[in-house]
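Given next are the chains, with one letter for each unit.
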Amino acid sequence: MRTDMLTIGAFAKACRLSPKALRLYDELELLRPARVDADTGYRYYAVAQLEQARLVAWLRRLGMPLAGIRRVCALPPDAAAREIRAYWARVEAETAVRRDLATFLADHLSAPPRKDTTMLELRYAAHSDRGRVRPANQDTAYAGPRLLAVADGYGPAGARAGSAAVTALKALDTAEPPAGSVLNLLEDAVQNATRAVADATGGEEAGTTLTALLWTGSRLALVHIGDSRAYLLRGGGLFRVTHDHTVVQAMLDEGRLTPEEAVSHPQRSLLLKALDGGGTPPVPDLRLHDALPGDRYLLCSDGLSGVVPDDRVRSLLSSAPDPDAAVRCLTDAANEAGGPDNVSCVVADVVEAGA
Ligand SMILES: [Mn+2]
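Residues numbered from 1 in each chain as written. Predicted model: local features only at pLDDT ≥ 70, side-chain atom pairs only at ≥ 80, totals over all residues. Heavy atoms only, no water.

A. Region of interest: the pattern of salt bridges. Applying the stated rule across the entire model yields 13 salt bridges. Note that Arg123 is salt-bridged to Glu121, the shortest N-O span being 3.1 Å. Residue Arg123 is classed as partly exposed on the basis of its relative accessible area of 33%. Accessibility expressed as a relative area gives 29% for Glu121, which makes it partly exposed. (Salt bridge = Lys/Arg side-chain N within 4 Å of Asp/Glu carboxyl O. Buried < 20%, exposed > 50% of the residue type's maximum accessible area, 1.4 Å probe, protein only.)

B. A look at the coordination of the manganese ion. The protein atoms that coordinate the manganese ion are Asp152 (OD), Asp302 (OD) and Asp341 (OD), at distances of 2.1 to 2.2 Å. Positions of the donor residues of the manganese ion, expressed as sequence spacing, correspond to D-x149-D-x38-D. Residue Asp152 is found in strand S6 (residues 147-154), and its partner Asp302 is found in helix H10 (residues 302-305); the two are separated by 150 residues along the sequence. The burial state of Asp152 is the same as that of Asp302; both residues are buried. (Donors = N, O, S within 2.8 Å, 3.2 Å for Na, K, Ca; no water. Helix = DSSP H or I, 4+ residues; strand = E, 2+ residues; numbered from the N terminus.)

C. Main features of unusual backbone geometry. Despite not being glycine, Arg16 shows a phi value in the positive range, around 55°. With respect to the helices and strands, the residue Arg16 is situated in the loop between helix H1 (8-15) and helix H2 (19-27). Of note, Glu29 is a non-glycine position whose phi angle comes to about 60°, a positive value. Considering the arrangement of structural elements, one finds Glu29 in the loop between H2 and strand S2 (35-36).

D. View of the domain arrangement of the chain. Domain assignment breaks the chain into domain 1 (5-70) and domain 2 (118-352). Taking the mean C-alpha position of each, domain 1 and domain 2 sit 51 Å from one another. (Domains from an automatic or database assignment.)

E. Broad picture of the nonpolar core. Counting residues in each nonpolar core, the largest one holds 25 residues, and the members touching the most others are Ala165, Leu169, Leu186, Leu210, Leu214, Ala221 and Leu275. Looking at this core, the elements that each hand over two or more residues are S6, helix H6 (158-169), helix H7 (182-201), strand S8 (210-215), strand S9 (219-225) and strand S12 (285-290). A per-element tally of this core places H7 first, with seven residues. Core analysis: the second largest hydrophobic core is formed by 23 residues, Cys15, Tyr45, Leu59 and Ile69 among them. (Core = buried A, V, L, I, M, F, W, Y, C linked by side-chain atoms within 4.5 Å.)

Take a look at the structure:
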């Protein structure tokens with residue numbers, strides 16, 4: 001027998017893994033023995049495989065799926081390092097989504113923090129504009145006493161898709177506070193919107209984003225799918241509430257793109273998630289925001305966020321005297337920046353009732 005070959009026992013000792021683990025790695029095709037004796041079935045490993053055995057063990061400890069481990073092990077060190085960083089960025093992004101869901105559920109189960117009995121209500125305005133380049137407007141913007149929504153349709157039947165999604169939510173825009181569980185309302189809303197999009201497009205290539213806020217009387221519940229956005233202006237600061245469901249955002253999260261590269265990326269509007277009327281409704285991002293008097297919310301399509309930088313949005317939004325003026329000056333700003341896309345804005349102020 002060659003001297004650079006180790007029995008499974010000797011190899012196990014040298015790499016500090018159990019023979020059982022090594023047999024498992026063999027079965028999972030993560031680490032094949034260098035030689036298997038045809039007569040006895042004994043496994044032999046090369047000394048050069050020690051490093052890889054340790055790597056497999058660490059990657060399993062990291063929780064990397066088997067396919068990922070196989071890929072990493074087949075790569076040269078530099079590429080393997082990139083693959084591990086990208087894997088971890090994905091884990092963190094997925095954890096962030098779960099963290100938001102956990103926060104949403106905890107918020108939902110805890111009482112609103114406002115102890116005084118001041119009634120709050122929304123003052124709102126919506127405006128949608130074709131822009132300066134597109135032949136038609138495929139955006140839909142809606143604002144009512146309880147519902148704020150923006151949908152950005154794409155594909156030949158995109159306008160119908162966006163409008164159908166928003167129309168499906170309008171049943172929530174009633175005078176009375178929503179009865180029953182907000183969780184059910186939001187779940188039903190997305191299902192109804194998905195069905196409405198399917199009916200409206202009749203199998204044509206089309207879909208839409210949907211970003212909506214539902215007013216419960218003390219809180220705003222967010223449903224979000226796609227790359228339209230929600231922002232909150234509070235205490236002079238502009239906070240982005242939503243995370244884009246785009247390929248470019250995922251690449252940003254994974255550290256494969258810089259924010260500067262993302263702004264001009266040719267595929268920046270390619271969606272990872274949308275209401276396309278397909279079989280299963282996409283899982284939306286959900287959030288619950290406690291409303292404070294003086295809060296100003298903005299929903300917009302990428303026709304605004306794609307061309308008007310956040311600090312400009314913040315200054316326009318904070319200087320506008322009311323929601324109507326705000327939606328007008330924001331759409332104007334998008335058009336002044338070239339208006340390459342349809343642009344939609346919804347602005348709502350949280351105010352004391354009767355104020
Ligand atoms: Mn758009």
